[in-house]
Amino acid sequence: MAKKIMGEDGKMYKVKKPFYKKVWFWILAIIVLGIIGGALGGGSDDKKADTTNDDVAKKEATSSNKKETNTELKDNFNKIALGDILNNGDGGSSLEEVKGIFGEPDSTSETNLEGQTAKMMTWGSPKGGDIMSSVVVSFSNDKAVSKAVTGLKVEKHDKVTLEQFNAVTTDGNFSEDQAKQEFGEPDGVSDTIINGQKQSMLTWTKYVNGDIGANFNITFDNGAATSKSNISMK
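All values reported here derive from a predicted model rather than from experimental measurement.

Draft legend 1. How the structure looks around the overall build of the protein. The number of helices and strands found in the protein is seven helices and ten strands. Looking at the protein as a whole, 38% of its 234 residues qualify as buried. Relative to all contacts within the protein whose residues are 6 or more apart in sequence, the contacts with residues 24 or more apart total 54%. Of the roughly 13600 Å² that the protein leaves accessible, carbon and sulfur atoms contribute 50%.

Take a look at the structure:
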């Protein structure tokens, strides 16, 4: 039973449970941490070992269907529909539907909290991506609620500079479409829907001016930039 307290007007009021004690908060925390860890982990070691120089050469040599190859992973990733994490994932792609797109996952983790089951599945080196690509999808009650992809193939373009990055505003006036126009397509994407709001983090690790490993990301709420960060850009 919810705790009650007496207000200054003499009436009794229910005390709301702190957000950090609610089930959805911990499911979201598990999903976010899992998405970040899975995305940074890249493909599985077994698939890396099976990839030979000949395989790489074959991928790069097929110029006649270059456009199809470059968008295959992105197209499959976009097929995954997301449901709202606060609505038990209703409307999200089912576990079996996602497996139908990418096959059996390379790794799976599962957590149960007060009758709700959160699962995270990772696919390493999926078809159509770079060697180190990966797809991570989180499910609530077997409905997709969050997804992330790394290693998307993108067209070559001029390197993005720190000056360009610094010009990005996070007051809601810089859009996701603007980012793609100025910086090219991102090679990493992470999407989540919370309380009807879509949050996307786009990551650029290729064609970035700076030290080795330079990269940057921008987070968008419903298509408007709200935060950004970079590493070793110049």
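Draft legend 2. Structural view of unusual backbone geometry. Even without being a glycine, Y207 presents a positive backbone phi close to 55°. Note on placement: Y207 falls in the loop between β8 (197-204) and β9 (210-221). The phi dihedral of S232 falls on the positive side, at around 55°, and the residue is not glycine. Note that S232 resides in strand β10 (residues 224-233).

Draft legend 3. Structural view of the pattern of salt bridges. As enumerated under the stated definition, the model contains seven salt bridges in all. A salt bridge links D142 to K119; the nearest nitrogen and oxygen atoms lie 3.1 Å apart. Note that D142 is positioned in the loop between β5 (134-140) and β6 (143-150) and K119 in strand β4 (residues 116-124), a separation of 23 residues in sequence. For D142, a relative accessible area of 34% translates into the label partly exposed. Between E176 and K180 there is a salt bridge, with its nearest N and O atoms 3.6 Å apart. Note that E176 and K180 are positioned in helix α7 (residues 176-183) at a spacing of four residues, about one turn of the helix. Under the relative-accessibility criterion, E176 is labelled buried at 17%.

Draft legend 4. Fine view of the pairing of β4. Burial analysis of β4 places eight of its nine residues in the buried class, the great majority of the element. For β4 and β5, the ladder comprises seven bridges, and the chain directions are antiparallel. Each residue of the ladder has a partner; that of A118, found in β5, is S140.

Draft legend 5. Inspection of the environment of G129 at higher detail. The topology assignment puts G129 in the loop between β4 and β5. Sequence spacing of G129 and K153 is 24 residues, and the spatial spacing of their C-alpha atoms is 5.9 Å.

Draft legend 6. Just the sheet that holds β4, in detail. Strand order in the open sheet formed by eight strands is β3-β4-β5-β6-β7-β8-β9-β10, and the pairing between neighbours is antiparallel. Taken across any chain shown, the strands that pair with only one partner, and hence form the sheet edges, are β3 (107-113) and β10. Ignoring which end each strand starts from, the neighbouring axes of this sheet average 15° apart. Sheet analysis places β9 next to β10, joined by eight bridges and oriented antiparallel. Across the sheet, residue T219 finds its bridge partner in β10, namely S227.

Draft legend 7. The arrangement of the packing of aromatic side chains in detail. Counted according to the given criterion, the structure contains six aromatic pairs. Taken together, a centroid distance of 5.7 Å and an interplanar angle of 45° make the contact between F102 and W123 tilted. With F102 in helix α5 (residues 95-102) and W123 in strand β4, the pair connects residues that are 21 residues apart, well separated along the chain. Each of the two residues, F102 as well as W123, counts as buried. Aromatic side chains F183 and W204 sit 5.8 Å apart centroid to centroid with 80° between the ring planes, which places their arrangement in the edge-to-face category.

Draft legend 8. Local environment of the environment of D142. In this structure the C-alpha to C-alpha distance between D142 and Q116, which are 26 residues apart in sequence, comes to 9.8 Å. With near-sequence residues (within four places) excluded, D142 lies in contact with S93, S94, L95 and K119.

Draft legend 9. Just α5, in detail. Within the span of α5, buried status applies to L95, V98, K99 and F102. Angularly, the buried residues of α5 cover 100° about the axis, an arc narrow enough to put them on a single face. Exposed residues lying more than 90 degrees from the buried face of α5 are E96 and G100. Count one or two residues on from α5 and you reach G103, which has phi positive near 85°.

What counts and what doesn't
- Along every chain, residues carry numbers that run from 1 in the direction the sequence is written.
- Confidence filtering applies because this is a predicted model: local features only for residues at pLDDT of at least 70, side-chain atom pairs given and counted only at 80 or more, and all residues used for totals across whole chains, interfaces and linings.
- Excluded from the side-chain calculation are hydrogens and water; included are all heavy atoms of the structure.
- In DSSP terms, a helix is any run of H or I states spanning at least four residues, a strand is any run of E spanning at least two, and both are numbered starting from the N terminus.
- Burial classification: accessible surface area is computed with a 1.4 Å probe over protein chains only, and a residue below 20% of its type maximum counts as buried, one above 50% as exposed, and the rest as partly exposed.
- Residues are treated as being in contact if the distance between any of their heavy atoms lies within 4.5 Å.
- Per-residue accessibility takes into account occlusion by the displayed protein chains alone, with areas from the Shrake-Rupley method and a 1.4 Å probe.
- By convention in these notes, a salt bridge is any Lys or Arg side-chain nitrogen within 4 Å of a carboxyl oxygen on Asp or Glu.
- At least two DSSP bridges between two strands are needed for those strands to be called paired.
- For helices, the axis comes from a line fit to the C-alpha atoms of the stretch in contact; other axes are also lines fit to C-alpha atoms, and the angle between any two N-to-C directions lies between 0 and 180 degrees.
- Ring pairs shown here join Phe, Tyr and Trp side chains whose ring centres sit within 6.5 Å, with only the six-membered ring taken for Trp; geometry is labelled stacked below 30 degrees between planes, edge-to-face above 60, and tilted in between.
- In this description, the arc belongs to the directions extending from the helix axis to the C-beta atoms.

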